[in-house]
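# Descriptive analysis of the structure
One letter stands for each residue in the lines below.
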Amino acid sequence: MTFAAMLPILALLSSLLAAMIIFALPETSHRARTIINLLAALLKLLFVVIMTWGVFRGMTFSVGFTMLPGATFLLRADALAMLFAGLSALLWLFTTVYAVGYLEDSPNRSRFFGFFSLCVASTMGIALAGNLFTFFLFYEMLTLSTYPLVVHRGTAKSLRAGSNYLCYTLGGGAVLLLGIAWLHGLMGELPFRETGHFQDSDPATHLSLTIIFVLLIAGLGVKAALFPLHGWLPRAMVAPAPVSALLHAVAVVKAGAFGIVRVVYDIYGIEFSAVLGLLQPLAWLAAFTILYGSLRALYQSDLKRRLAFSTVSQVSYIILGTTLFGPLGTVGGLVHLLHQGIMKITLFFCAGNYAETLGVHRIDELDGAGARMPATSVAFTLAALGMIGLPPLAGFITKWTLGLGALAANMEWAIVVLLLSSLLNAGYFLPIVYRLWFRPQRMAWPRERRWGRLETHPWLLWPPLITVTLTVLVGLLAAAPGSPLSWARLVAVRMYLP
């Protein structure tokens, strides 16, 4: 086996082996656990960077073997895979640093970090899966590895949220499996392929392909939090802040959205999906979810629940971009996969800082927090402004590109949705920013902790400052080579040009 073929396996093993070692460590081995976590995260990032550079130069990284008759376990690094793998590897490093500081005095840290690493291994497997069969294996592994993280606190509330999470995601997985099995029986094994497989398919199969498409999207739509399958996401906010960051920015919701992108582009093909009339209903559903999530966010008083409904809305930007028939819409959707990740992880890091440092969970308790925690509040403010879509931040690049894509596709109504969504984003983010900076502190903080001259623990402070810096840089340098926008353009070119 060549080194190029081994790289996808090494990217998987970096977190898989780390999980096995961490499970075996005694609870008191804090230093060893931290070193293994960080070493694994850095190694994974190195492997992903090497593969990304190779894919850019036209190299192929692929490895597979037959697991069952007609079912191949296949890992393959293509341009789309590296978009998701890069997001996962980069944000895992920051989330690991944050989680080490966040859980410093908590029990069951070996269990937490063991499943944390398994979760990231699952996400990497989803990114590098070369066909639907492999994708499904890691998709379900992600469900099972994130459940212990959701219920980590062991409270009655967290156990109820975990049960709810399992009901939704296992139900979605069953529907997805039905769609995959039906498709396999109809068309055989289908590796992911840019431009898809069905352009020359027999018209007699089109009805079956349409029903299968609905099953696949319904199964994936649970994790992508499409309306009305989103109910698990706000309830899962009972999980610790690093888990919320992982669920919303890196792993679960992104796995669902990424799966929908794979089905539309690499299984059905964007042109064939349009011929079958599948894109328009999906676009309407995504648009409705965008507005619904924002409206629900307006009425949430708990900070993390407001961010959760914001995720319901924002992830559907990716799906809306996918359905805009044309390269510009594709670029807008794909680039939001990364942009939403770095903005949303910043917001959850900040929410965790307010909770861990001040004991604040409700929005009306944030009055004057900007003066007490200025660095965290600057990070929160910039990430929130990015979500609204203010230039030159990451969210502006997304909305601008999606708007151009909507115009090019003659779907002007999508621009109205983007504008309404931005107004709603402002409606639920700006009051928080106002409370942080312009309202005086009303009462003593519910549970304040001090870390010398710093506003909070340094391991909690640096990750949001780095991710919010990225939020600014990917907006300012959007046109630069190597930016998320330029990589999304590369993916779109390969999808539309056989």
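These notes cover the structure that comes with them.

Scoring rules and cut-offs
Residues numbered from 1 in each chain as written. Predicted model: local features only at pLDDT ≥ 70, side-chain atom pairs only at ≥ 80, totals over all residues. Heavy atoms only, no water. Helix = DSSP H or I, 4+ residues; strand = E, 2+ residues; numbered from the N terminus. Rg over C-alpha atoms; globule rule 2.2 N^0.38 Å. Contact = heavy atoms within 4.5 Å. Areas by Shrake-Rupley, 256 points an atom, 1.4 Å probe, with all protein chains shown as cover. Lys, Arg positive; Asp, Glu negative; His and termini not counted. Charge placed at Lys NZ, Arg CZ, Asp CG, Glu CD. Phe/Tyr/Trp six-rings, centres within 6.5 Å; stacked < 30°, edge-to-face > 60°. Buried < 20%, exposed > 50% of the residue type's maximum accessible area, 1.4 Å probe, protein only. Expected span 1.5 Å × (residues − 1). Polar contact = N/O pair within 3.5 Å; in protein donor to acceptor, adjacent residues only side chain to side chain. 1 Å grid on protein atoms, 1.4 Å probe; cavity = no way out; pocket = protein on both sides within 12 Å on 5 of 7 lines; lining within 4 Å. Points joined across faces, edges and corners; volume = space filled by probe spheres on them. Nonpolar A, V, L, I, M, F, W, Y, C, P; charged D, E, K, R; others polar. Disulfide = S-S within 2.5 Å. Axes fitted to C-alpha atoms, helices over the stretch in contact; angles between N-to-C directions. Left-handed = near helix turned anticlockwise from the far one by under 90°. Parallel < 35°, antiparallel > 145°, perpendicular 65-115°, else oblique.

Let's shift gears to the overall build of the protein. For the protein, the count of helices and strands is 20 helices and two strands. Since a compact globule built from 498 residues should have a radius of gyration of about 23 Å, the 21 Å found for the protein is in line with a globular shape. In terms of overall dimensions, the protein has a C-alpha envelope of 70 × 55 × 45 Å along the principal axes. Of all intrachain contacts in the protein linking residues separated by at least 6 positions in sequence, the fraction that spans at least 24 positions is 80%. Element-wise, carbon and sulfur atoms account for 70% of the exposed surface of the protein, whose accessible area totals about 18,000 Å². The distance from the centre of the 32 positive side-chain charges to the centre of the 19 negative ones in the protein is 8 Å.

Let us now look at the packing of aromatic side chains. Inspection of the entire model under this criterion finds 24 aromatic pairs. With a centroid separation of 6.0 Å and an interplanar angle of 75 degrees, the aromatic rings of Phe 113 and Phe 116 are classed as edge-to-face. Taken together, the residues Phe 113 and Phe 116, both in helix α4 (residues 109-128) and three residues apart, mark about one turn of the helix. Looking at Phe 116, the relative accessible area reads 0%, which means it is buried. With 5.1 Å between their ring centres and 75 degrees between their planes, Phe 213 and Tyr 268 make a pair best called edge-to-face. Of this pair, Phe 213 sits in helix α7 (residues 206-223) while Tyr 268 sits in helix α10 (residues 252-268), and the two are 55 residues apart along the sequence. An aromatic cluster is built from Phe 198, Phe 213, Tyr 268 and Phe 272, whose rings are joined through pairwise contacts.

What follows covers helix α5 (residues 132-150). Look at α5: 26 Å from first C-alpha to last across 19 residues, which is about the 27 Å you get at 1.5 Å a residue. Within α5, 14 of the 19 residues are buried, which leaves the element mostly enclosed by the surrounding structure. Looking at where α5 begins, the residue whose side-chain oxygen comes 3.4 Å from the main-chain nitrogen of Phe 133 is Asn 131.

Take unusual backbone geometry next. Residue Pro 228 is reached from Phe 227 by a cis peptide bond, and omega for that bond is 5 degrees. The topology assignment puts Pro 228 in the loop between α7 and α8 (232-235). Note that the residue after Pro 391, namely Pro 392, is joined by a cis bond; omega there is 5 degrees. By the secondary structure assignment, Pro 392 is in the loop between α16 (374-388) and α17 (394-408). Here the phi dihedral of Thr 195 falls at roughly 85 degrees; this positive angle occurs in a residue that is not glycine. Tracing the sequence through the fold places Thr 195 in the loop between α6 (156-187) and α7.

Let us look at empty space enclosed by the protein. Tallied over the full model, the rule gives two cavities of 30 Å³ or more. Taken as a whole, the largest cavity holds about 50 Å³ of empty space. If you trace the largest cavity, you find it lined by His 30, Arg 33, Thr 34, Asn 37, Val 100, Leu 103, Arg 109 and Phe 113. Those elements that place two or more of their residues in the lining of the largest cavity are α2 (30-56) and α4. Of the residues belonging to the lining of the largest cavity, the class tally is three nonpolar, three polar and two charged. Every residue lining the second largest cavity is listed: Asp 302, Leu 303, Lys 304, Ala 351, Ala 355, Val 360 and His 361. Put simply, the parts of the chain that give the lining of the second largest cavity at least two residues each are α13 (303-323) and α14 (327-358). Along the lines of polarity and charge, the residues of the lining of the second largest cavity split into four nonpolar, one polar and two charged.

Mapping Ile 126 onto the fold places it in helix α4. Considered as a pair, Ile 126 and Ser 301 are 175 residues apart in the sequence and their alpha carbons are 34 Å apart. In this structure, Ile 126 is in contact with Phe 84, Phe 135, Phe 138, Tyr 139, Leu 142, Ala 255 and Phe 258, ignoring residues within four places of it in sequence.

The next thing to look at is the state of the cysteines. What we call a disulfide is simply a covalent bond connecting the sulfur atoms of a pair of cysteines. Tallied over the entire structure, the rule returns zero disulfides. Cys 119 takes part in no disulfide bond, and the closest cysteine sulfur to it belongs to Cys 167, at a distance of 19 Å. Cys 119 gets classed as buried once you look at its relative accessible area, which sits at 0%.

As for its placement among the helices and strands, Thr 134 is situated in helix α5. The exposure class of Thr 134 is buried, given its relative accessible area of 0%. In this structure the side chain of Thr 134 is engaged in a polar contact, spanning 2.9 Å, whose partner is the backbone nitrogen of Leu 74. In this view, Thr 134 contacts Thr 72, Phe 73, Leu 74, Leu 75 and Ala 129; residues no more than four positions away in its chain are not counted.

Relative to each other, α14 and α16 sit at 145 degrees, their axes nearing to 9 Å. Crossing hand, α14 versus α16: left-handed. Contact with α14, carried on its side by Gln 340, Met 343, Lys 344, Thr 346, Leu 347, Cys 350, Asn 353 and Tyr 354, involves Thr 376, Ser 377, Ala 379, Phe 380, Ala 383, Ala 384, Gly 386 and Met 387 of α16 and no other residues of that element. Taken together, the residues that form the contact of α14 with α16 break down as nine nonpolar, six polar and one charged.

Turning to the packing of helix α3 (residues 79-102) against helix α19 (residues 458-476), a few remarks are in order. Where α3 contacts α19, the two axes come as close as 7 Å, and the packing angle between them is 155 degrees. Between α3 and α19, the interaxial angle falls into the category roughly antiparallel. Considering only the axes of α3 and α19, their crossing is left-handed. On α19, the residues that touch Leu 90, Leu 91, Phe 94, Val 97, Tyr 98, Val 100, Gly 101 and Tyr 102 of α3 are Trp 459, Leu 460, Pro 463, Ile 466, Thr 467 and Leu 470. Tallied by class, residues from the contact of α3 with α19 come to 12 nonpolar, two polar and no charged.

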